[in-house]
Amino acid sequence: MRILHICNNLSSFRGGIQTHTWSLSREMVQLGHEVSVLTGKTWLQQQKVHMQSGVRIIPLRYLRGYRMKGVRRTADDLLFNLQALYWLRAHQQEFDLIHVQGRSGILYAAFPYLRSTPVVMTLHGLTQQEHWHARAFKTDYSQPSTLDIWLHKLIARTGEHRAFKRADRVITVSRFMARTIALRLGERPGGLDVISNG
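This one's a predicted model, so the numbers in the text were calculated from it and none came from an experiment.

Basis of the calculations
Residue positions within a chain follow its written sequence, with the count starting from 1. Owing to the predicted nature of the model, reporting of local features is limited to residues with pLDDT of at least 70; listing and counting of side-chain atom pairs is limited to 80 or more, with chain, interface and lining totals taken over all residues. The side-chain figures draw on all heavy atoms in the structure; neither hydrogens nor water molecules are used. Put simply, DSSP H or I for four residues or longer makes a helix, DSSP E for two residues or longer makes a strand, and each gets a number counted from the N terminus. Multiplying 1.5 Å by the helix residue count minus one yields the expected span of that helix. Accessibility here uses a 1.4 Å probe with only protein chains present; expressed as a share of the type maximum, an area under 20% marks a residue as buried, one over 50% as exposed, and anything in between as partly exposed. By definition, no residue in a patch forms a salt bridge, and every one has over 30% relative accessible area; like charges are joined within 9 Å, nonpolar side chains (Val, Leu, Ile, Met, Phe, Trp, Tyr) within 5 Å. Here the open area of atoms and residues is found with the Shrake-Rupley method and a 1.4 Å probe, where only the protein chains shown may cover a residue. In what follows, salt bridge is the name for a side-chain nitrogen of Lys or Arg lying within 4 Å of a carboxyl oxygen of Asp or Glu. Note on pairing: two strands pair once DSSP finds at least 2 bridges between them. Whether two residues are in contact is decided by their heavy atoms, any of which lying within 4.5 Å being enough. Axis lines are fitted through C-alpha atoms, for helices just across the contact stretch, and the angle between N-to-C directions can take any value from 0 to 180 degrees.

## Remarks on helix H2 (residues 72-91)
Now for step 1: Between its first and last C-alpha, H2 extends 28 Å over 20 residues, near the 28 Å set by a 1.5 Å rise per residue.
Now for step 2: Residues of H2 that are buried include every one of Arg73, Thr74, Ala75, Asp76, Phe80, Asn81, Ala84, Leu85, Trp87 and Leu88, and no others.

## Regarding a nonpolar patch on the surface
Now for step 1: Judged by side-chain polarity, Leu78, Leu82, Leu147, Trp150, Leu154 and Ile155 come together as a nonpolar surface patch covering roughly 560 Å² of accessible area.
Now for step 2: Broken down by secondary-structure element, the contributors of at least two residues to the nonpolar patch are H2 and helix H5 (146-166).
Now for step 3: Along the chain, the position of Ile155 falls in helix H5.
Now for step 4: The exposure class assigned to Ile155 is partly exposed, which follows from its relative accessible area of 35%.

## Some remarks on the sheet that holds strand S3 (residues 50-52)
Now for step 1: Strand order in the open sheet formed by 8 strands is S3-S4-S2-S1-S5-S6-S7-S8, and the pairing between neighbours is mixed. Edge positions in the open sheet fall to S3 and strand S8 (193-194), since each of these has one partner strand only.
Now for step 2: Relative to strand S7 (residues 169-172), strand S6 (residues 119-123) runs parallel, the two sharing 4 bridges. Following the sheet pairing, Met121 is matched in S7 by Val170.
Now for step 3: Strands in contact with helix H6 (residues 175-185) are S6, S7 and S8; relative to S7, the strand with the most contacts, it is inclined by about 125°.

Any functional reading would require information beyond the geometric quantities listed.
Now the structure itself:
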């Protein structure tokens, strides 16, 4: 099967989503699948499509939002997802399955009339949890502007909800997350699959 994972910032391997995507991709290659990962690169980086551990890495050049003071987080999410949607509209027929990791590629999952390839979405967490975590543990996003927080919550939560309801399948990584998702986003046709990390 030809599988595409979408995971922004894969090269950093800093977060759980990046580690999850990379481990899953390598395991799928071992099972005989043809696996690709679409990941973000800055507009200035000239990296080409390349193979790494049997996985085809597709760098997606986009204008990084982190340089846009006052709305950096919202801008980065939105600009990556718009560029990913544009790329997917041109290349979706090259894959049998597209796997949206977190919010990376969320616009593709949210609008079924724009897609012709089945999409699976893995929810690792929700935007509300992310904002709480950033404030509690003083992460990179601990000092965003009030406008950025408001816009990010509005846009990201709307995208999460639409994608959750419209993806062909939705996976989450724990029973706790499944309960949290049911409370925050409600039920979905086709249910919610729990596949634990590890």
